[in-house]
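# Survey of secondary and tertiary structure
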Amino acid sequence: MAKIQVMSDLLANKIAAGEVVERPASVVKELLENSLDAGATEILIELQQAGLEMIRVADNGSGIDSSDVPLAFERHATSKILDDKDLFRIQTLGFRGEALPSIAAVSRLQIKTRTSTEQAGTCLHVEAGRITDSTVSAAKQGTEISVQDLFFNTPARLKYLKSMQTELGHVVDFVEKMALARPEVAFRLYHNDRLLLQTPGDGVILHAAAAVYGRELVKQMASVAWENYDYRITGLAGFPELNRANRNHCTFFVNGRYIKSYLLFQAVVNAYHTLLPINRYPVCILHIQLDPSLVDVNVHPTKLEVRFSEEKDLSISVQQAIRSALEQHSLVPKAVAKQ
Ligand code: ADP
Ligand code: MG
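The structure displayed is predicted, hence computed values, not measured ones.

Turning to the overall build of the protein, a few remarks are in order. In terms of helices and strands, the protein carries eleven helices and 15 strands. Computed over the C-alpha atoms, the radius of gyration of the protein is 21 Å, within 12% of the 20 Å expected from 2.2 N^0.38 for a compact globule of 339 residues. Projecting the C-alpha coordinates of the protein onto the three principal axes gives extents of approximately 70 × 50 × 45 Å. For the protein, with 339 residues in total, the buried portion stands at 39%. Restricting to contacts in the protein with at least 6 residues of sequence separation, those with at least 24 account for 66%.

Turning our attention to the nonpolar core. Formed by 89 residues in total, the largest nonpolar core has its most connected members in Leu236 and Ile322. Of the residues forming this core, the biggest block, eight residues, is contributed by helix 6 (residues 164–181). When residues are assigned to domains, this core turns out to be shared by domain 1 (9–198) and domain 2 (220–337), each giving three or more. Look past the residues within four positions of Leu236 in its chain and what remains in contact with it is Ile205, Leu206, Ala209, Val218, Met221, Ala222, Ser223, Val224, Cys284 and Ile285.

Two elements, strand 1 (residues 42–48) and strand 2 (residues 54–59), share six bridges in a ladder whose sense is antiparallel. When the sheet's bridge partners are listed, Gln48 is paired in strand 2 with Met54.

What surrounds ligand 1 is a group of 21 residues, the closest being Asn34, Ala38, Thr78, Gly94 and Ala99. Counting only elements with at least two residues in the shell around ligand 1, the list comes to helix 2 (24–37) and helix 4 (99–105). It is helix 2 that provides the largest number of residues to the shell around ligand 1, a total of three residues. Each residue belonging to the shell around ligand 1 can be placed in one class, and the counts come to six nonpolar, ten polar and five charged.

So, on to the packing of helix 9 (residues 262–271) against helix 10 (residues 311–328). Remark: helix 9 packs on helix 10, axes separated minimally by 8 Å, with the N-to-C direction vectors making an angle of 40 degrees. By the angle between their axes, helix 9 is oblique relative to helix 10. Here helix 9 and helix 10 pass one another in a crossing that is right-handed. Residue-level contacts link Leu263, Leu264, Ala267, Val268, Asn270 and Ala271 of helix 9 to Glu311, Ser315, Val318, Gln319, Ile322 and Arg323 of helix 10.

Here we come to the packing of helix 2 against helix 6. Describing two packed helices takes the angle between their axes plus the distance from one axis to the other. Remark: helix 2 packs on helix 6, axes separated minimally by 8 Å, with the N-to-C direction vectors making an angle of 25 degrees. When the axes of helix 2 and helix 6 are compared, the pair comes out roughly parallel. Seen from above, helix 2 lies across helix 6 with right-handed handedness. Of the residues in helix 6, those in contact with Pro24, Ala25, Val28, Lys29 and Leu32 of helix 2 are Glu167, His170, Val171, Phe174, Val175 and Met178. Here the contact of helix 2 with helix 6 is composed, by residue class, of eight nonpolar, one polar and two charged.

Here we have five strands laid out as an open sheet, ordered 9-10-13-11-12, and mixed in their pairing. Strands at the two margins of the open sheet, each flanked by one partner only, are strand 9 (221–227) and strand 12 (257–259). Ignoring which end each strand starts from, the neighbouring axes of this sheet average 20 degrees apart.

To continue, consider the sheet that holds strand 5 (residues 130–137). With mixed pairing, the eight strands of this open sheet are ordered in space as 5-4-3-6-2-1-7-8. Edge strands, defined here as strands with exactly one partner in the open sheet, are strand 5 and strand 8 (194–198). Within the sheet, the average angular offset between the axes of one strand and its neighbour, ignoring direction, is 10 degrees. As judged from the seven bridges shared by strand 3 (residues 108–114) and strand 6 (residues 142–148), these two strands associate in the antiparallel manner. Each bridged residue has a counterpart across the sheet, and for Arg114 the counterpart in strand 6 is Gly142. Its contacts with the sheet place helix 2 against strand 1, strand 2 and strand 6, and it is angled at close to 10 degrees to strand 2.

What follows covers the pairing of strand 7 (residues 186–191). Here six bridges tie strand 1 to strand 7, and the two strands are oriented parallel to one another. Note that in strand 7 the partner of Ile43 across the bridge is Phe187. Where strand 7 lies against strand 8, four bridges are found, and the strand directions are antiparallel. Note that in strand 8 the partner of Arg188 across the bridge is Gln198. Between the antiparallel neighbours strand 7 and strand 8 lie two residues, among them Asn192 with a positive phi of about 45 degrees.

Once that is clear, we can look at the environment of Ile278. You can see Ile278 is positioned in the loop between helix 9 and strand 13 (284–290). Ile278 sits in the exposed class, given 4 other C-beta atoms within 10 Å. For the pair formed by Ile278 and Ala179, sequence separation is 99 residues and the distance between their alpha carbons is 31 Å.

In this section: the environment of Leu286. Within the secondary structure, Leu286 is located in strand 13. Leu286 gets classed as buried once you count the C-beta atoms within 10 Å, which come to 24. Here the alpha-carbon distance between Leu286 and Ala181, two residues 105 residues apart in the chain, equals 9.1 Å.

Quick notes on the rules
- Residues numbered from 1 in each chain as written.
- Chains lettered and ligands numbered in written order.
- Predicted model: local features only at pLDDT ≥ 70, side-chain atom pairs only at ≥ 80, totals over all residues.
- Helix = DSSP H or I, 4+ residues; strand = E, 2+ residues; numbered from the N terminus.
- Rg over C-alpha atoms; globule rule 2.2 N^0.38 Å.
- Buried ≥ 20, exposed ≤ 12 C-beta atoms within 10 Å, placed from the backbone.
- Contact = placed C-beta atoms within 7 Å.
- Core = buried A, V, L, I, M, F, W, Y, C linked by C-beta atoms within 7 Å.
- Domains from an automatic or database assignment.
- Pairing = 2+ DSSP bridges.
- Near = placed C-beta within 6 Å.
- Nonpolar A, V, L, I, M, F, W, Y, C, P; charged D, E, K, R; others polar.
- Axes fitted to C-alpha atoms, helices over the stretch in contact; angles between N-to-C directions.
- Parallel < 35°, antiparallel > 145°, perpendicular 65-115°, else oblique.
- Left-handed = near helix turned anticlockwise from the far one by under 90°.

Right under this line is the structure:
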């Protein structure tokens, strides 16, 4: 056995990248989450060759202070949490301080950023995790990050990627989810200079959903607005006729974070019980707001799964929220709705 040694930061970042950066869509996810955490109201996403050649995300958020820019590329450096008290009351999408160093470890990255209080912006180049260039540069307030040649130094990961079409599909899917998560943010997504998605950013979930799913489809959805002491549940629930053959058409957001949850899906299915033909599933977009201490998002590095502390309570609330939305449209007989 060789002697035990602590690995270099460069190597640690490259290993972490294996977990956090699986494909172009994961880069888009991390960059978008950072833009949203920075309070952006407009986000432009541009891809070339499904993101393999280039991914650029530009936002009008807070920007990063020039003295902090290099720090943002250090592992476990974050402006979002300070101590373990914060860890159990997470309000931001990011908090692990891993995304930028991970992405930078497996690409050629350029960041341009400026805060509102600075005259000039900062431009930094990072290649395979090493800062190669740092200049003072004219920049709009906000942050623009370009990621080129993703996985150029990890050929094994590059080989594992699927077709361009599949990779693009994952990106579009994710941007659509974010657009539905934040109707108050205007998103624009271009692929090879073609506009694929544009949302108005006016705060109306129906308008964001119309941009994502098309106007015709959202006409067949009831609006959900329900709350009790613990939960506020809003969004859109498809009329029972708008059913689908697979389970992928229920989208959930918890405190603005897109999550996957069998628990919530099951609650929705229960709410539609007897209204749908057998083996058909509902379509819905649900936003659930709850006290951050009632949900643990630190279950997995991608934070797609969360743990709720009051599962039963939440399930019942979701069922009630959907039922009362459908009831308003007289899609549920009142007697059934009360059960
Ligand atoms: P995390 O999001 O977990 O804090 P990241 O590696 O994604 O970690 O980002 C590191 C830090 O860089 C963030 O905490 C934030 O301060 C800053 N940052 C990253 N992207 C942006 C952005 N688009 N706008 C403003 N600040 C950003
Ligand atoms: Mg982040």
